[in-house]
Each structure stands twice: as C-alpha cells, then as structure tokens.
Amino acid sequence: MNKKEAILSSALKLLTENGVHNTPMSAIAKAAGTGMGTIYNYFPNKDILINEIYISIKNKEKEIFLEFDVDQPIKTQFETYFTAIIDFFIENSESFKFMEQLQASPIITEEIRTEGAKAINPVKDLLVKGKQERIIKAIEVDELLMFIGGAVVSYLRWYFNQSEIKKSSLKNQVQLVWDGIKA
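About the criteria used
- Residues numbered from 1 in each chain as written.
- Predicted model: local features only at pLDDT ≥ 70, side-chain atom pairs only at ≥ 80, totals over all residues.
- Heavy atoms only, no water.
- Salt bridge = Lys/Arg side-chain N within 4 Å of Asp/Glu carboxyl O.
- Helix = DSSP H or I, 4+ residues; strand = E, 2+ residues; numbered from the N terminus.
- Buried < 20%, exposed > 50% of the residue type's maximum accessible area, 1.4 Å probe, protein only.

Q: Just to check I follow, could you spell out the pattern of salt bridges for this structure?
A: As a working rule, side chains carrying opposite charge can pair if their charged atoms are close by. For the structure on display, the rule yields 8 salt bridges. A salt bridge links E100 to R157; the nearest nitrogen and oxygen atoms lie 2.2 Å apart. Separated by 57 residues along the polypeptide, E100 in helix α6 (residues 93-102) and R157 in helix α9 (residues 141-160) bring together distant segments of the chain. The partner of K118 in a salt bridge is E115, and the shortest N-O contact between them spans 3.1 Å. For K118, a relative accessible area of 42% gives the class partly exposed. Residue E115 is classed as partly exposed on the basis of its relative accessible area, which comes to 30%.

Shown next as structure tokens:
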C-alpha cells in the first residue's frame, strides 16, 4: 500500500469510528504512519480527503457492474445487482458506514456527487430498459432508485445489527424489492 492509500484507508477507519468532527488530520497522519507534511501534500484539507474517499468508494461500486450481463433477463440482472451491492457493502462495512454518515453531507461537493452517481449508470440503464419492455413499473427512474436504495440501506442496517443471519433473508429482500418494482 502506498502512502496515499494508507492515508485513505486510515482516514476511512477513523472517520467511521469517530465521526468527521472528531477526527483531526493529525490522527489520520499518525494512523497512516506518515507526517503532517505528507498528508497535506496529498490532501490540502480534510474536506478534500473526505471527497477522495467518497469517490474511491463510488469507483469500487462501478467495478461491481463491470461484468453485468445485459443479455440476461431484466429480473436476473436486477437480482444480480441487488445481491452484488449488498455483498459489496457487507464485505466493506466501513465503506457502508462512511457513505451512510456522509451521503447527504455538504462536505461532498456537487462535482464529486455527479461523478459518483455514474457508478449506478448500469442500474439506471436496466431500469429504463425494464420500463420500455413493461417489465418494471412506469415510475421515474430516480424514484425507483430511491426505493431500491432505501431497501439496500435498510437491509444493511438490519444486517449489521444481527447476531445471526438466516440465509433466506437476502433472498427474501430481493424478492420483496423486485415485487415492488415489477409491472
């Protein structure tokens, strides 16, 4: 891991544990094993660092969809998407906690939000195609995404607070959300 990656990793961990306002740059530098000069060479201030973490997570989300098979039926693609995003955040719980804390924060710039929104373009395309084929409800794509995203966040919140998870719970959620959006 290079110095920049070490800083980003340490910052993600500390920001999710302590919150934005309780995580000084000095603590991030110390946790990353680097000096203050080095951290400021990469990130002139904490807001820039936070935006870098945000876009880094969004870029990792994009990778989920690289092997998205657009020749599969709409329902199969949706199930693959929903399961993949849940699995991603289960495997990257700090990323989920970070996104949940900062998703609506004014710290995240409009430019970074716009760039980050591109991560779900394959899902938007899927919803548009599903609407055109009358497989998915004729509801605005942004509203469908709000519904699906809310289900993802709710499931993850629930998941991280359980001591025991039934294997059927994710499958049930996928079915419930699909039933909610299908025409």
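Q: I keep staring at unusual backbone geometry and nothing clicks. Help me out?
A: In most cases, non-glycine residues show a negative phi, while peptide bonds are predominantly trans. Notably, R134 is not glycine yet its phi reads approximately 60°, a positive angle. With respect to the helices and strands, the residue R134 is situated in the loop between α8 (121-132) and α9.

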